[in-house]
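# Analysis of the macromolecular model
Each chain, letter by letter, is given below.
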Amino acid sequence: STFGRGEVTYEYHVSLKPLHQVKDDYVSSWGLALGGRRRTRTTERRNGILFVVNVGGEFGFFSILNLMMMLAEAASMLAVATILTDKIAIYFMERAERYYESKYEEPTMVDDP
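Structure report, in brief. Just so you know, these numbers come straight off a predicted model, no measurement behind them.

What follows concerns the overall build of the chain. When its secondary structure is counted, the chain shows two helices and two strands. Of the regular secondary structure in the chain, the N- to C-terminal order runs β-β-α-α. For the chain, buried positions account for 4% of its 113 residues. Counting contacts in the chain only where the partners sit at least 6 residues apart, residues at least 24 apart contribute 31% of the total. Here the chain displays about 12000 Å² of accessible surface, and carbon together with sulfur accounts for 58% of that area.

With that settled, the discussion passes to the packing of aromatic side chains. Under the counting rule described, the total for this entry stands at one aromatic pair. Ring geometry for Tyr100 versus Tyr104: centroids 5.1 Å apart, planes at 50°, classification tilted. Accessibility expressed as a relative area gives 32% for Tyr100, which makes it partly exposed. One cation-aromatic arrangement involves Lys103 over Tyr104; the distance from NZ or CZ to the ring centre is 5.6 Å.

All right, on to the pattern of salt bridges then. As enumerated under the stated definition, the model contains four salt bridges in all. Between Arg45 and Asp25 there is a salt bridge; the shortest N-O distance is 3.0 Å. Residue Arg45 is found in strand 2 (residues 38-47), and its partner Asp25 is found in strand 1 (residues 23-32); the two are separated by 20 residues along the sequence. Since its relative accessible area comes to 59%, Arg45 is described here as exposed. For Glu44, the salt bridge goes to Arg46, with nearest N and O atoms at 3.8 Å. On the accessibility criterion, Arg46 (40% relative accessible area) is partly exposed. Through salt bridges with shared partners, one network takes in Asp24, Glu44 and Arg46.

Where helix 1 (residues 64-91) contacts helix 2 (residues 96-103), the two axes come as close as 6 Å, and the packing angle between them is 130°. Regarding the angle of helix 1 to helix 2, the classification is oblique. Contact residues: Asp86, Ala89, Ile90 and Tyr91 in helix 1; Ala96, Tyr99, Tyr100 and Lys103 in helix 2. Of the residues assigned to the contact of helix 1 with helix 2, the class counts are six nonpolar, no polar and two charged.

Scoring rules and cut-offs
Residues numbered from 1 in each chain as written. Predicted model: local features only at pLDDT ≥ 70, side-chain atom pairs only at ≥ 80, totals over all residues. Heavy atoms only, no water. Helix = DSSP H or I, 4+ residues; strand = E, 2+ residues; numbered from the N terminus. Buried < 20%, exposed > 50% of the residue type's maximum accessible area, 1.4 Å probe, protein only. Contact = heavy atoms within 4.5 Å. Areas by Shrake-Rupley, 256 points an atom, 1.4 Å probe, with all protein chains shown as cover. Phe/Tyr/Trp six-rings, centres within 6.5 Å; stacked < 30°, edge-to-face > 60°. Lys NZ or Arg CZ within 6 Å of the ring centre and 35° of its normal. Salt bridge = Lys/Arg side-chain N within 4 Å of Asp/Glu carboxyl O. Axes fitted to C-alpha atoms, helices over the stretch in contact; angles between N-to-C directions. Parallel < 35°, antiparallel > 145°, perpendicular 65-115°, else oblique. Nonpolar A, V, L, I, M, F, W, Y, C, P; charged D, E, K, R; others polar.

Put into structure tokens, the structure is as follows:
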């Protein structure tokens with residue numbers, strides 16, 4: 001497998017950085033009234049704790065052989081799905097004759113004069 005067999009580990013580093021305050025102000029307006037005046041205005045003042053999360057690491061590797069195998073499997077599954085769908089439509093559905101005529105064009109005999 002391309003995901004490897006190693007154990008997944010996590011590391012957390014917590015540190016305190018001196019900040020006077022963590023604050024965010026957000027103002028948004030929606031819609032226009034007659035005369036071009038705004039109908040609605042929303043003001044949000046958000047205060048809280050700032051979390052900074054950095055994610056890193058290594059998980060698995062790339063293998064061209066596995067890629068080729070997956071592409072071949074996907075192509076064969078699409079082919080099987082197409083064949084099964086056609087067979088079910090032609091032999092088991094209520095309008096099987098119409099599906100058969102839509103899929104296959106039978107030759108007609110023409111008499112030469």
